[in-house]
Amino acid sequence: MLNVEDIRKDFPILSRKVNGKPLVYFDNAATSQTPQQVIDAIVDYYSNYNANIHRGVHTLSQEATDLYELSRQKVQAHFNAKHSYEIIFTSGTTHSINLIANGFSSLLKKGDEIIVSALEHHSNIVPWQMLCERTGALLKVIPMNDDGELVMSEYDKLLSKNTKLVFTNHISNALGTINPIKYIIEEAHKVGAAVLIDGAQACPHIKPDVQALNVDFYVASAHKMCGPTGMGMLYGKEEWLNKLPPYQGGGEMIAEVSFEKTTYADLPHKFEAGTPNIAGGIVFGTAIDYMNSIGFDAIADYENELLEYGTQKLLEIEGLKIYGTSKHKTSVLSFNLEGIHPYDVGSILDKLGIAVRTGHHCAQPIMDYYKIPGTIRASFAFYNTKAEIDALVEGVKKAKMMLS
């Protein structure tokens, strides 16, 4: 059982006021808040260890390098990767996806097929469209149903000997749907296709095991896991990472350079050109330590309690419709009030100190499916409370009264 009041004390921002009201932060699917332990680790790095890594013989450089590589080992352990060099540090999920999409440019040809799901964030659609434009490959889409679930029978029909790559999110950022990725991976492998899973929305709620999933690539962002922005990771199976060419050229990713020929460094450095976000990399490990100290089973149980409570309370409001009603979902409630634009509701909630996201949530195809301009999205984290959900419900009622 979580002691939520004690946990909330770790997050300084939760004690501030917005527009004269106590902050109710329900935009966790966009970015989570940062605990003091992570803030302190950022300050500690810049106060005591600030130096470039991997290249220096001096003490600060060596200490910073050790901390950075220790964090890589923490990420490896958290996701249960076989080797630490299968963890590539990136600027976030989008960077990770683009790295793989760029690499597959040299592996795909006209007539090859790649499969995406209808539930994707734009960052897991656009890079693949660009890849198809470069290679002549064909993009196919797993359709969704009214509950916000992928239609697996249609996925089965899309798979063929021409399928080279399948990519889907683990959890939908717009609807909270948990996708059946184990099945998706197993079926793709039967036709020889590789699989990339976008774990950005999953990693704040559950602890993926990349070896148990047998996934080829898994990507995530630190800023949704109580860590800093501008930091993320790509897990890739060693054999796949060795097949792919470097994404960028520069320092760190080389073994030998001459004007005649350059040879590339071994993993993971082959994909980590230039000076990285060193502080971000170090405190990514701190954030993972923090979340593991709370426990992902406890987090999942508590957030599910919030989801059930919020669903029940919001549905008591006449004219309110929730989008994404899968039995398998995380703590995201995407909803609208009949006849009222989501932006207008979000603006009124902000005046009450309640932070929600409005719009298409970088998942425009989902909104097109439902024939709506967007939704109001309240996304809960383990530091939120039922009292905050009550405040949201009262705020929505007030918005409805003002806007009807």
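No experiment lies behind these values; they were computed from the predicted model shown. (Residues numbered from 1 in each chain as written. Predicted model: local features only at pLDDT ≥ 70, side-chain atom pairs only at ≥ 80, totals over all residues. Heavy atoms only, no water.)

## Focus on the overall build of the chain
In terms of regular secondary structure, the chain is built from 14 helices and 17 strands. Whereas a compact globule of 404 residues would reach a radius of gyration of roughly 22 Å, the chain reaches 22 Å, a difference of no more than 12%. Overall, the chain is about 70 × 55 × 35 Å in size when its C-alpha atoms are taken along their principal axes. In the chain, of all internal contacts separated by at least 6 residues, the share reaching a separation of at least 24 is 72%. Here the chain displays about 17,100 Å² of accessible surface, and carbon together with sulfur accounts for 52% of that area. (Helix = DSSP H or I, 4+ residues; strand = E, 2+ residues; numbered from the N terminus. Rg over C-alpha atoms; globule rule 2.2 N^0.38 Å. Contact = heavy atoms within 4.5 Å. Areas by Shrake-Rupley, 256 points an atom, 1.4 Å probe, with all protein chains shown as cover.)

## Topic: the sheet that holds strand 6 (residues 138-142)
Two strands in a sheet stick together by hydrogen bonds in their backbones, pointing the same way (parallel) or opposite ways (antiparallel). Read from one edge to the other, the open sheet built from seven strands follows the order 4-10-9-8-7-5-6, with strand pairing classed as mixed. The strands lining the two open edges of the sheet, one partner per strand, are strand 4 (87-90) and strand 6. Ignoring which end each strand starts from, the neighbouring axes of this sheet average 20° apart. The sheet contacts of helix 3 (residues 59-79) involve strand 4, strand 9 (217-221) and strand 10 (232-236), and relative to strand 4 the element is tilted by about 120°. Sitting on the sheet, helix 4 (residues 93-103) touches strand 4, strand 8 (194-198), strand 9 and strand 10, and the angle it makes with strand 9 is about 155°. (Pairing = 2+ DSSP bridges. Axes fitted to C-alpha atoms, helices over the stretch in contact; angles between N-to-C directions.)

## Section: the packing of aromatic side chains
In this structure the tally under the stated criterion is 15 aromatic pairs. Judged by centre distance (5.9 Å) and plane angle (80°), the rings of F11 and Y290 are edge-to-face. Note that F11 is positioned in the loop between helix 1 (4-8) and strand 1 (17-18) and Y290 in helix 10 (residues 278-294), a separation of 279 residues in sequence. Judged by relative accessible area, which is 1%, F11 ranks as buried. For Y290, a relative accessible area of 6% puts it in the buried group. (Phe/Tyr/Trp six-rings, centres within 6.5 Å; stacked < 30°, edge-to-face > 60°. Buried < 20%, exposed > 50% of the residue type's maximum accessible area, 1.4 Å probe, protein only.)

## Digging into the environment of L307
Here L307 is to be found in helix 11 (residues 296-315). On the basis of relative accessibility, which here comes to 7%, the residue L307 falls in the buried class. For L307, the residues in contact, after removing those within four places along its chain, are K329, T330, S331, V332, L333 and F380.

## Digging into the packing of helix 10 against helix 11
It is the contact of helix 10 with helix 11, at a shortest axis distance of 6 Å, that shows an interaxial angle of 70°. One finds that helix 10 runs roughly perpendicular with respect to helix 11. Residues M291, N292 and I294 of helix 10 form the contact with helix 11, whose own contacting residues are F296, A298 and I299. Taken together, the residues of the contact of helix 10 with helix 11 break down into five nonpolar, one polar and no charged. (Parallel < 35°, antiparallel > 145°, perpendicular 65-115°, else oblique. Nonpolar A, V, L, I, M, F, W, Y, C, P; charged D, E, K, R; others polar.)

## Some details on unusual backbone geometry
Here L267 and P268 are connected by a cis peptide whose omega angle stands at 0°. The backbone of N19 shows a phi angle near 55°, a positive value even though the residue is not glycine. With respect to the element layout, N19 can be found in the loop between strand 1 and strand 2 (21-22). The phi dihedral of N214 is positive, around 60°, even though this residue is not glycine.

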